[in-house]
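Residue-level listing of the chains:
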Amino acid sequence: MAPVQQSKTDIADEYILQLLQDARSVEQGFRLLMGKYQQPLYAVIRRIVHQHEDADDVLQNCFINVFRNIHQFGGKSKLYTWLYRIAVNEAITFLNQQKRHATHSLEAGEGLALSQLPAGDSPDAQALQAHLQQAISQLPEKQRIVFEMRYFDEMPYEKIEAILHTSVGALKASYHHAVKKIEAYFKTNEISIL
Amino acid sequence: MSQREDILRELDNLSPTLSKLKRQLPNAEAPPESYFDALPGQIWQQLKLQPAAASAVPARAPWWQSLWQPRPVWLGAASLLLAFVAGWFLLRPAPAAPDLLAALSEEEITGYIAAYIQEFDTDLLVRATVELPDASALHVEDTDLEEFWQEIIHSLDEKTLEAWLNEG
């Protein structure tokens, strides 16, 4: 009987952590960790930094930091929450560095919003999505991250709190402000969703 | 009510317009093909090139090195103890010398002075004696006093003695 192939995402975090604790199995543990989490973390990072090349740099730094600090993971939160937090922090640090070097312009974000839209939708639907991305790109960084976590990833506030280390009250305020600003963008530009 | 329904209801309350918009992620999340196949090996190579930091397993330091590791709680307690001892030392009340003297009887004091009179500084003794309204209050024997004055007179040079006599 052929052995059942176990999916990378089915591998228990405890097992991966156990492998990472032992010098003889650390490489195997690291490869399993990456296999399980590289895609979701890439998606998180890519949404924040937009460009693939930037997301690649950030993701690599993220996993290097994860590997160096995995022994500090105390198990108080889920491993994914801990990884997600590192990924978001790395992405924000990257954006801040870009701002300091003045190479990250608003136009880059706008270009992405207008060009990288889901294929297959009607032109109207694509235009609406383009406007939504445009409105999101104009939000302040923190509001944008909170909005995307809530709107696209459908995260409960408690989980966002664990990732961003921000109180639920402050997160609700950020999300509400973000929604109102996006709504105002649609009204200002006389864009009808119906 | 499910978590998803909560989020949708919240969005609907905040912005009915936005809640009608179809939620879909832009295609920006799609990386180049086979990107994820190569990435683990690529990062592992980077980690191998940085051997100092390439260990997820924390190296166990010798036990004696732990003595020099910062211990916030211990350091805090030691600092507090040190501050307390230093404060006590600097701010402690001065020894109550006047009280000790007050506990001595007049006879004990005069007896002590008489017994150790040879050891007293003569100038200080002269000043103290002169300042006293009544030297006899010390109840020093006349012979001792005479002997003391003789010593003082002998210790004085001629000029000082002459000056004293002229003043007297």
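These lines cover the structure that appears in this document, whether it is placed above or below. (Residues numbered from 1 in each chain as written. Chains lettered and ligands numbered in written order. Predicted model: local features only at pLDDT ≥ 70, side-chain atom pairs only at ≥ 80, totals over all residues. Heavy atoms only, no water.)

1. A look at the overall build of chain A
Of the regular secondary structure elements, chain A holds 9 helices and 0 strands. Across chain A, helices and strands are ordered from the amino to the carboxyl terminus as α-α-α-α-α-α-α-α-α. By the burial criterion, 52% of the 194 residues in chain A qualify as buried. At a minimum sequence separation of 6, the contacts of chain A that also span at least 24 residues come to 58%. Counting every atom, chain A has about 9,700 Å² of accessible surface; 50% of that belongs to carbon and sulfur. (Helix = DSSP H or I, 4+ residues; strand = E, 2+ residues; numbered from the N terminus. Buried < 20%, exposed > 50% of the residue type's maximum accessible area, 1.4 Å probe, protein only. Contact = heavy atoms within 4.5 Å. Areas by Shrake-Rupley, 256 points an atom, 1.4 Å probe, with all protein chains shown as cover.)

2. Some remarks on the environment of Glu151 of chain B
Residues and elements named next belong to chain B. With respect to the secondary-structure elements, Glu151 resides in helix α8 (residues 142-155). By relative accessible area, Glu151 is classed as partly exposed at 39%. Distance in space between the C-alpha atoms of Glu151 and Gln118 is 9.8 Å, their sequence separation being 33 residues.

3. A short note on helix α7 (residues 141-151) of chain A
Of all 11 residues in α7 of chain A, 10 are buried, a share of seventy percent or more. What α7 of chain A keeps buried is the set Glu141, Gln143, Arg144, Ile145, Val146, Phe147, Glu148, Met149, Arg150 and Tyr151 of chain A.

4. Here's the deal with the nonpolar core
Residues Val88 and Phe147 of chain A are the most contacted members of the largest nonpolar core, which totals 73 residues. The greatest single-element share of this core, amounting to 12 residues, is contributed by helix α2 (residues 26-49) of chain A. (Core = buried A, V, L, I, M, F, W, Y, C linked by side-chain atoms within 4.5 Å.)

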